[in-house]
Amino acid sequence: MIAPFVLTLITPPAPDLARLRDALAALPPGAAAVQLRQPDGATRRALAQPIAALCRDHGAALLVNDDLPLAAAIGADGAQLPERGPSVVAAREALGEAAWIGVSRHDAAGLRAARDATVALLSPVFTVPGNGAPLGVDGFARAARGAPLPVHALGGVTAASAPALRDVGASGAAVIRAVFDAKDAAAAAAALAAPFLA
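Every value quoted in this text rests on a predicted model; they were computed, and no experiment measured them.

The rules we used
Within every chain, residues take consecutive numbers counted from 1 along the sequence as written. The model is predicted, so local features are restricted to residues of pLDDT at least 70 and side-chain atom pairs to those at 80 or more, both for listing and for counting; the totals for chains, interfaces and linings are taken over all residues. Only hydrogens and water are set aside; all other atoms, that is, all heavy atoms of the structure, feed into the side-chain values. The numbering of helices and of strands both runs from the N terminus, where a helix is a DSSP run of H or I of at least 4 residues and a strand a run of E of at least 2. Exposure classes here rest on a 1.4 Å probe applied to the protein chains alone. A residue is buried below 20% of its type maximum, exposed above 50%, and partly exposed in between. We call two residues in contact when some of their heavy atoms are within 4.5 Å. The Shrake-Rupley method, run with a 1.4 Å probe, gives the accessible areas here. Residue values count only the displayed protein chains as cover. Any two strands between which DSSP finds at least two bridges are classified as paired. Fitted lines through C-alpha atoms serve as axes, helices being fitted only where they are in contact, and the angles separating the N-to-C directions of these axes extend from 0 to 180 degrees. Orient the strands so they point away from the viewer; a crossover is then right-handed if the path from the first strand over the helix to the second runs clockwise. Should an angle lie under 35 degrees it is considered roughly parallel, over 145 roughly antiparallel, and from 65 to 115 roughly perpendicular; all remaining angles are considered oblique. It is the rotation of the near helix from the far one that decides the hand of a crossing: anticlockwise by less than a right angle makes it left-handed, clockwise makes it right-handed. For this scheme, ten residues count as nonpolar: Ala, Val, Leu, Ile, Met, Phe, Trp, Tyr, Cys and Pro. Four count as charged, namely Asp, Glu, Lys and Arg, and the remainder, Gly too, count as polar. In this description, a nonpolar core means a group of buried Ala, Val, Leu, Ile, Met, Phe, Trp, Tyr and Cys residues linked to one another through side-chain atoms lying within 4.5 Å. When a carboxyl oxygen of Asp or Glu lies within 4 Å of a side-chain nitrogen of Lys or Arg, that pair is called a salt bridge.

A.B. asks: Any chance you could break down the overall build of the protein for me, citing the residues and the numbers?
C.D. replies: Secondary structure assignment for the protein yields nine helices and eight strands. With the principal axes as the frame, the protein shows a C-alpha extent of 40 × 40 × 30 Å. Burial status across the protein gives 51% buried among its 198 residues. For the protein, contacts bridging at least 24 residues in sequence account for 57% of all contacts bridging at least 6. By element, 54% of the accessible surface of the protein is carried by carbon and sulfur atoms, the whole surface being about 8600 Å².

A.B. asks: Before we move on, could you go through the sheet that holds strand β1 (residues 7-10) and cite the residues and values that matter?
C.D. replies: Taking strand neighbours around the barrel as the criterion, the eight strands line up as β1-β2-β3-β4-β5-β6-β7-β8 in a closed arrangement whose pairing is parallel. Strand-to-strand twist in this sheet, taken as the mean axis angle between neighbours without regard to direction, amounts to 25°. Inspection of the sheet shows β1 paired to strand β2 (residues 32-36) by four bridges, in the parallel sense. When the sheet's bridge partners are listed, I10 is paired in β2 with Q35. Where helix α6 (residues 136-144) meets the sheet, its contacts fall on β6 (119-122) and β7 (151-154), and the angle it forms with β7 comes to roughly 155°.

A.B. asks: Explain the pairing of strand β8 (residues 172-175) to me, using residue names and the numbers behind them.
C.D. replies: The alternating pattern of β8 places G172 and A174 and A173 and V175 on opposite faces, both of which are buried. With three bridges joining them, β1 and β8 adopt parallel strand pairing. What sits directly across from L7, in β8, is A173. Tracing the backbone out of β7, into helix α7 (residues 162-167) and back to the parallel element β8 gives a crossover that is right-handed.

A.B. asks: Help me get a handle on the packing of helix α1 (residues 17-25) against helix α9 (residues 185-197), residues and values and all.
C.D. replies: For any two helices packed against each other, one specifies the crossing angle of their axes together with the interaxial distance. Packing of α1 against α9 leaves a shortest axis separation of 7 Å and a crossing angle of 40°. Relative to α9, α1 is oriented oblique. Of the two possible hands of crossing, α1 and α9 adopt the one that is right-handed. Listed contacts from α9 to R19, D22 and A23 of α1 are A185, A186 and A189. Here the contact of α1 with α9 is built from residues that sort into four nonpolar, no polar and two charged.

A.B. asks: Break down the nonpolar core for me, citing the residues and quoting the values.
C.D. replies: Residues L7, L9, L62, F140 and V179 are the most contacted members of the largest nonpolar core, which totals 60 residues. Leave out the neighbours within four places in its chain, and V179 touches L9, R19, A23, A185, A188, A189 and L192. By size, the runner-up hydrophobic cluster in this structure holds five residues, among which are F5, A33, A61 and V119.

A.B. asks: Kindly report on the pattern of salt bridges, identifying the contributing residues and their values.
C.D. replies: A complete count under the given rule lists three salt bridges for this structure. D22 is the salt-bridge partner of R21, the closest N and O atoms lying 3.1 Å from each other. In this structure, D167 and R166 form a salt bridge, with 3.0 Å as the shortest nitrogen-oxygen distance. On the accessibility criterion, D167 (57% relative accessible area) is exposed.

A.B. asks: I'd like a description of unusual backbone geometry, backed by residues and values.
C.D. replies: The peptide bond linking S123 to P124 adopts the cis configuration, its omega dihedral lying at -10°. Considering the arrangement of structural elements, one finds P124 in the loop between β6 and α6. One non-glycine residue, D66, lies in positive phi territory at about 60°. Its location among the elements puts D66 in the loop between β3 (61-65) and α3 (68-73). Accessibility expressed as a relative area gives 38% for D66, which makes it partly exposed.

A.B. asks: Just give me the short version of the packing of α1 against helix α2 (residues 41-58), but keep the residues and values in it.
C.D. replies: The interhelical angle for the contact between α1 and α2, taken along N-to-C directions, is 20°, at an axis separation of 9 Å. Viewed along their axes, α1 and α2 adopt a mutual orientation that is roughly parallel. For the pair α1 and α2, the sense of crossing is right-handed. The residues of α2 that touch α1, namely those facing L17, L20, R21, L24 and A25, are L47, P50, I51, L54, C55 and H58. When the residues that make up the contact of α1 with α2 are grouped by side-chain class, the tally is nine nonpolar, one polar and one charged.

Structure follows, in structure tokens:
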């Protein structure tokens, strides 16, 4: 199964839903996914329905991070699994065989072990405070080469770096600040997705 989306918008701790709406509206239906990634359970549950509605309105997939019961309860399209989180098998049992299952990985070995998932987020590509040594474009290319599933780049990715990552095998990108902190969320989302939609 190949995920149709090319841009994953990962929710920051306090997401501005108007900015998320603008970003999704700038993309063609099917091009985006939203990863609901609030570490606090109460906040995650409070945001789940409003974000699910935005995703439905704009043809975006909704993946819930590491909370299979919530993903099932709100009818999410799938889940995003941390490397040390629930298994792909457990996620499919909870959400169904058709669910889109994303996995977070950091190296080639992790990607090889993720063959049953829908898509992998490989990180950090560029420097992100607190996230370890960056892979860089060349490191991303080495890790993603021969991966058994689509690999999206995560970690400091911008519209300027997206074409180079596409050229070395990235199927898409996942971002937080590049859209949620941008002056124009719609323009930022469109520019990030463009290389992968061409």
